[in-house]
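One letter stands for each residue in the lines below.
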Amino acid sequence: MLIILITIILGLFISLITLPLGYYAPEWMLLIVIYWAIALPSNNKLFLAFLTGIIVDIVYGQVLGISSLFYVLLVYIILRLYNSLRYMTIAQQAVVLFIFIFLKQHLLVWAYFIIDRNIDYQALLVGSIVTASIWPLIYYTLRFIRRKFNIGGIN
Amino acid sequence: MSTTLFKHSVTNFYLLLFFIGLSVSSVVLDIKYSNSNYIRIIINDFLITPIQYLASTPSTFFSKFVEEKKTVDQLKQKIEELEKQNTAMKINLQRIDVLENEVSRLRSIKSQMDNNLKNIKIAQITQKDVIPNKKSVQINIGSNYKTRVGQTVMGVNGLLGQVVEVNVYSSKVLLITDNDSNVPAKIARTGQQIIIKGRSQDNLLEVSFFPNDSEVESGDLIITSGQANRFIPSLKIGRVVEVIRNEGERFSQVIIKPLEDADKVSEVILSADER
């Protein structure tokens, strides 16, 4: 669990570096949470998703809790589907994640519309493509970390 | 086996409902009581600010490294330049005696007009583009210097923006050149009240809904009007650079170039007026 938290902190570090790109930047922390949800599915990943969402909200200066809502939803879906996701190739996983993140961005825009605030729609759509295309990098890096520290105890 | 699987998924579902409820309630609370949000401040100051500092360290290190590699010639050139400026300043200094009398006379008039620019604070810009896809900067003072949301931020030449988020040791400033910022202003020559909107794409400003028959020409000075009690009145904003009259439409387009450029300043001034 400690290693997982450290990777989350590293993700925060990278997302602070890419903050000037705005919503065009990939959502590093979401991808890290999704990786851990696929690799080690358990209930506390929902808590992790919630925590990460709160941190992302604070970093981006959004309404508190709005992205944690969709992070939790997305991770719940991932937890239900992890078996089929594991049998896919990386490219297929990236495509599936793209679809999920694409839908998530639309829900985010919708939520922003409800609370009557502005958000850059185009940047969010481009951002979902960028986020999905960064998935292989996250996957291989975190798998290396997982095998190195022998988390999960299988490999 | 199947029963454990069932239980597993059911707990997941209730956990999901719990977290969704928590998220929604925090969204609602944040919208209703956005001014007293201590969670945001605590996480910002104890988790994000140190990491932000670490993340910006490599770039600052490199820029300092480059600065120190300046040659002696460049420094000599700079000394020469500064000496030239110094003599020019000395000449200007002689005129001050004459001006002093005038100033004291004018000041007595002005003190009746505005007494709200008394205690100002100087802050440094620590980072740019801190709010995604918005023109914004972060400054190094926060509620430790009694900064509050909505405070006017200006440079030496003119208005820069307003404070939109306050933490303990830092705060975020939305610039007037952002698409979302509207500044109540007036044309200094004619006194006409206008609202100025930012244009993020080219760092210029434009007047929203400027009637075709109103008078304006390029070169006009635009100042804040102090309407809506948001910005301090009579601060310089910019000068009109282009007026496009659209004959077929009701409003003409007036483009303003701000006098202060946030990319070029490193220190900003915050007003601490008590209203």
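Residues numbered from 1 in each chain as written. Chains lettered and ligands numbered in written order. Predicted model: local features only at pLDDT ≥ 70, side-chain atom pairs only at ≥ 80, totals over all residues. Heavy atoms only, no water.

1. Quick word on the overall build of chain A
Reasoning step 1: The secondary structure content of chain A amounts to seven helices and zero strands.
Reasoning step 2: In sequence order, the secondary structure elements of chain A are arranged as α-α-α-α-α-α-α.
Reasoning step 3: Long-range contacts, defined as pairs at least 24 residues apart, comprise 69% of the intrachain contacts of chain A with a sequence gap of at least 6.
Reasoning step 4: Working note: accessible area of chain A is about 6900 Å², and carbon and sulfur atoms make up 70% of it. (Helix = DSSP H or I, 4+ residues; strand = E, 2+ residues; numbered from the N terminus. Contact = heavy atoms within 4.5 Å. Areas by Shrake-Rupley, 256 points an atom, 1.4 Å probe, with all protein chains shown as cover.)

2. A word on the pairing of strand β5 (residues 171-175) of chain B
Residues and elements named next belong to chain B.
Reasoning step 1: Counting buried positions along β5 yields five of five residues, so the element is predominantly enclosed.
Reasoning step 2: Sheet analysis places strand β2 (residues 136-139) next to β5, joined by four bridges and oriented antiparallel. Its bridge partner lying in β5, I139 is registered against S171.
Reasoning step 3: In the sheet, strand β4 (residues 159-166) pairs with β5 via five bridges, with the strands oriented antiparallel. Residue pairing in the sheet places G161 in a bridge with L175 of β5.
Reasoning step 4: A loop of four residues connects β4 with β5, the two strands running antiparallel in sequence. (Buried < 20%, exposed > 50% of the residue type's maximum accessible area, 1.4 Å probe, protein only. Pairing = 2+ DSSP bridges.)

3. Remarks on the interface of chain A and chain B
Reasoning step 1: At the interface, 39 residues of chain A touch 35 residues of chain B.
Reasoning step 2: Taken together, both faces of the contact between chain A and chain B bury some 3100 Å²; the carbon and sulfur share is 71%.
Reasoning step 3: For the interface between chain A and chain B, the tally reads zero salt bridges.
Reasoning step 4: Across the contact surface, chain A and chain B share seven residue pairs in polar contact (both at pLDDT 80 or more).
Reasoning step 5: The set of elements that each furnish at least two residues to the side of chain A that touches chain B consists of α1 (2-17), α3 (44-60) and α4 (66-86) of chain A.
Reasoning step 6: The element that contributes the greatest number of residues to the side of chain A that touches chain B is α3 of chain A, accounting for nine residues. (Buried area = accessible area lost by both parts, 1.4 Å probe. Salt bridge = Lys/Arg side-chain N within 4 Å of Asp/Glu carboxyl O. Polar contact = N/O pair within 3.5 Å; in protein donor to acceptor, adjacent residues only side chain to side chain.)

4. Details of helix α6 (residues 121-133) of chain A
Residues and elements named next belong to chain A.
Reasoning step 1: In a regular helix each residue adds 1.5 Å, so 13 residues correspond to 18 Å; α6 covers 19 Å between its end C-alpha atoms and thus fits that length.
Reasoning step 2: For α6, every residue scored as buried is listed here: A123, L124, G127, S128, T131 and A132. Down the axis of α6, the buried side of the element spans an arc of 165°, and every buried residue falls inside it. Along α6, exposed side chains directed more than 90 degrees from the buried face belong to Q122, I129 and S133.
Reasoning step 3: The secondary structure elements touched by the buried residues of α6 are α2 (28-39), α5 (90-114) and α7 (135-149). (Expected span 1.5 Å × (residues − 1). Arc of directions from axis to C-beta.)

5. Examining the environment of L107 of chain A
Residue and element names in this part refer to chain A.
Reasoning step 1: By the secondary structure assignment, L107 is in helix α5.
Reasoning step 2: Of the residues examined, L107 reaches a relative accessible area of 34% and is grouped as partly exposed.
Reasoning step 3: Sequence separation between L107 and S67 is 40 residues, and the spatial gap between their C-alpha atoms is 9.8 Å.

6. Considering the sheet that holds strand β13 (residues 267-271) of chain B
Within a sheet, each strand pairs with its neighbour through backbone hydrogen bonds, oriented either parallel or antiparallel.
Residue and element names in this part refer to chain B.
Reasoning step 1: Here six strands make up a closed barrel; going around it, the order is β1-β2-β5-β4-β3-β13 and the pairing antiparallel. The sheet shows a mean angle of 45° between the axes of neighbouring strands, taken without regard to direction.
Reasoning step 2: The pairing of strand β3 (residues 152-154) with β13 spans two bridges and is classified as antiparallel. Residue M154 lies in a different strand from β13, and its bridge partner there is I269. (Axes fitted to C-alpha atoms, helices over the stretch in contact; angles between N-to-C directions.)

7. Observations regarding the packing of aromatic side chains
The geometry of an aromatic ring pair comes down to the distance between the two centres and the angle between the two planes.
Reasoning step 1: Within this structure, the stated rule accounts for twelve aromatic pairs over all chains.
Reasoning step 2: Here the aromatic rings of Y76 of chain A and F13 of chain B are separated by 6.4 Å at their centres, their planes lie at 55°, and the arrangement is tilted. Note that Y76 of chain A is positioned in helix α4 and F13 of chain B in helix α1 (residues 2-32), a pairing that runs across two chains.
Reasoning step 3: Residue classification places Y76 of chain A among the buried positions, given a relative accessible area of 10%.
Reasoning step 4: By relative accessible area, which is 37% here, F13 of chain B ends up partly exposed.
Reasoning step 5: For the pair Y139 of chain A and Y140 of chain A, a centre-to-centre distance of 5.5 Å together with 85° between the ring planes defines the contact as edge-to-face.
Reasoning step 6: Given a relative accessible area of 16%, Y139 of chain A falls into the buried group.
Reasoning step 7: Under the relative-accessibility criterion, Y140 of chain A is labelled partly exposed at 43%. (Phe/Tyr/Trp six-rings, centres within 6.5 Å; stacked < 30°, edge-to-face > 60°.)

It is worth stressing that arrangement in space is one thing and function is another; only the former is reported here.
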